[in-house]
Amino acid sequence: MTRRTLFIAYYFAIFLQAGTYGLTFLLPPLFATFGGTETDVGFVLGITAISTIITILWLGHLTACLGQMQTIAISSVLITVALFIFGMADSLDGVIDAAGALLGVGWGLYYVLTPVVLTQLIAATERVRAFTLLSVFVMAGFGLSPVLGGSLVKLGYGIEFAFILLGLLCLISGGIFWMLKGAVATHSITSIKQENSELSISITLQVLRTKALRPIIMVWLGASVFAAVANFQTVYAGLRGLDYSWYFLAYTITVVICRMVLAEFIGGRAPYGVIAALLAVMTASILLLLVLGDSSALYVLAAVLFGIGYGVSYPIVKAMGANDATPEIMSQTLQIFGVAYFIGVFGFPFIAGWIINSFGMTPLLYVAAIMATIECLAALLRYQNDRRQ
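Residues numbered from 1 in each chain as written. Predicted model: local features only at pLDDT ≥ 70, side-chain atom pairs only at ≥ 80, totals over all residues. Heavy atoms only, no water.

To continue, consider the overall build of the protein chain. Helix and strand content of the protein chain: 17 helices and 0 strands. Computed over its C-alpha atoms, the radius of gyration of the protein chain comes to 20 Å, within 12% of the 21 Å expected for a compact globule of 389 residues. Taken along the three principal axes of its C-alpha coordinates, the protein chain extends 55 × 50 × 40 Å. Buried residues in the protein chain amount to 58% of all 389 residues. Sequence separation of at least 24 residues holds for 87% of the intrachain contacts in the protein chain that already meet a minimum separation of 6. (Helix = DSSP H or I, 4+ residues; strand = E, 2+ residues; numbered from the N terminus. Rg over C-alpha atoms; globule rule 2.2 N^0.38 Å. Buried < 20%, exposed > 50% of the residue type's maximum accessible area, 1.4 Å probe, protein only. Contact = heavy atoms within 4.5 Å.)

In this section: the nonpolar core. Membership of the largest hydrophobic core comes to 138 residues, with the highest contact counts inside it found for Phe86, Phe226, Phe306 and Tyr341. The leading source of residues in this core is helix α16 (residues 330-359), at 14 residues. Not counting residues up to four positions away in its chain, the partners in contact with phenylalanine 226 are Tyr21, Phe25, Phe142, Asn231, Tyr251, Phe306, Tyr310 and Val345. (Core = buried A, V, L, I, M, F, W, Y, C linked by side-chain atoms within 4.5 Å.)

Overall, the coordinates contain 33 aromatic pairs when judged by the stated rule. Taken together, a centroid distance of 4.8 Å and an interplanar angle of 80° make the contact between tryptophan 107 and tyrosine 110 edge-to-face. You can see tryptophan 107 and its partner tyrosine 110 sitting in helix α6 (residues 94-121), 3 residues apart, about one turn around the helix. For tyrosine 110, a relative accessible area of 1% translates into the label buried. (Phe/Tyr/Trp six-rings, centres within 6.5 Å; stacked < 30°, edge-to-face > 60°.)

Another point: helix α14 (residues 271-291). End to end, α14 covers 31 Å across 21 residues, agreeing with the expected 30 Å (1.5 Å per residue, within 8%). In the segment just after α14, glycine 293 is the residue with positive phi, at about 65°. (Expected span 1.5 Å × (residues − 1).)

Throughout the structure, instances matching the rule amount to 1 salt bridge. Aspartate 243 is the salt-bridge partner of lysine 154, the closest N and O atoms lying 2.9 Å from each other. Placement of lysine 154 in helix α7 (residues 127-154) and of aspartate 243 in the loop between α12 (233-240) and α13 (244-262) is noted, with a sequence separation of 89 residues between them. (Salt bridge = Lys/Arg side-chain N within 4 Å of Asp/Glu carboxyl O.)

A few words now on the environment of alanine 185. Mapped onto the elements of the fold, alanine 185 is located in helix α9 (residues 181-187). Through-space distance from the C-alpha of alanine 185 to that of leucine 134 is 19 Å; in sequence the pair is 51 residues apart.

The subject of this paragraph is the environment of proline 315. Counting through the fold element by element, proline 315 comes out in helix α15 (residues 296-323). Separated by 80 residues in sequence, proline 315 and valine 235 have C-alpha atoms that sit 28 Å apart. The residues contacting proline 315, other than those within four sequence positions of it, are Phe131, Thr132, Ser135 and Arg259.

The topology assignment puts serine 224 in helix α11 (residues 213-230). With near-sequence residues (within four places) excluded, serine 224 lies in contact with Gly344, Phe348 and Met371.

Once that is clear, we can look at α16. For α16, with 30 residues, the first-to-last C-alpha span of 42 Å sits near the 44 Å given by 1.5 Å per residue. The largest bend along α16 reaches roughly 35° and is located at phenylalanine 348, with the proline proline 349 sitting one to four residues downstream. Looking one or two residues past α16, glycine 360 carries a phi angle of roughly 115°, positive in sign. (Bend = angle between axes of the 7 residues up to and from the residue.)

Here the focus is a nonpolar patch on the surface. On the surface, Ile201, Leu205, Leu208, Leu213, Ile217, Trp220 and Ile343 cluster together into a nonpolar patch covering about 610 Å² of accessible area. Breaking the nonpolar patch down by element, the ones donating at least two residues are α10 (201-208) and α11. Residue placement: isoleucine 343 occurs in helix α16. (Patch = residues over 30% accessible without salt bridge, like charges linked within 9 Å, V, L, I, M, F, W, Y side chains within 5 Å. Areas by Shrake-Rupley, 256 points an atom, 1.4 Å probe, with all protein chains shown as cover.)

Two elements in contact, α11 and α15, have axes separated by 10 Å at closest approach and are oriented at 150°. With respect to α15, the element α11 is oriented roughly antiparallel. Crossing geometry of α11 relative to α15 is assigned as left-handed. In contact with Pro215, Met218, Val219, Gly222, Ala223, Val225, Phe226 and Val229 of α11, α15 contributes Phe306, Tyr310, Tyr314, Val317, Met320 and Gly321. A per-class count over the contact of α11 with α15 returns 12 nonpolar, 2 polar and no charged. (Axes fitted to C-alpha atoms, helices over the stretch in contact; angles between N-to-C directions. Parallel < 35°, antiparallel > 145°, perpendicular 65-115°, else oblique. Left-handed = near helix turned anticlockwise from the far one by under 90°. Nonpolar A, V, L, I, M, F, W, Y, C, P; charged D, E, K, R; others polar.)

Spelled out as structure tokens, the structure:
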């Protein structure tokens, strides 16, 4: 297999599996079909967060025994089982909780290992571009899956069918990952053996003493903001009489276009300055959600601004985390980066669901705006420190 074919197949498999995450945005309407609330959604995603973190902490043992590509393929199977359970559920019980746990294990393996494999195939100077393209396919997958789910509902198939369909696509992606294991080994350019990526307390402390600490904190803040806005967008749209499919479609198109167009250029010589500017745009998009009323045009504009702000800044933050890492602990740094991301994206909905049920959607948006501002200031301070050096 040529190097070009390897990358095409790898990114395609990533796209297929990424759609499974986008279905978590449809958990509120799915749970509503059998009497569940936003708090119930937050509880299940809280279980997902816990299982994800545990998985990442034990990730090194799995990759040491099975290999990285084989472990990614197994993650596809676990996610498929989780989606089938969600799709066939008719009540809130322990089986639903088990599906949340399986989803966390699968996504923990998939999310952390896919960029680790990329770092073995590319030079350090190519990381921003490669991580940007990686995030393009991830974003296209999970941004379009809620649109697909909404379309299936309008066609009368039911939201449950979307979970079954995406589960089958995820299984296909697992087969592709499994077939690529030999090609990845052949085209690897790294001189550092990273199959054993075990975490320990000493290595974790070593990672947290590097410059990677700031992007790790920033990715947690950004993921929490994203979870607050995206996971309960169906609730927000329902309250305002808007169509959530338009939000996800506008957001996805914006992110894909921006990342594709800017893949060669974003970051530049002052990456944290670029990140700060983008996060300011993200904050503005949240503030717009607070005041837009029932205007569909402003709703789409808010999605576009969020796509530019969060969508474009995220891969740069991730690349900065990799570039600030010590090469010998690159894999562990990305694992901790993944832990921070999942604490935000799967853990924060637990808090967000409680805020919605107790105080409403508007207070949640204020909390998200405050967190976005803090992340923006963190990037700005790093930019100013870099300029002084």
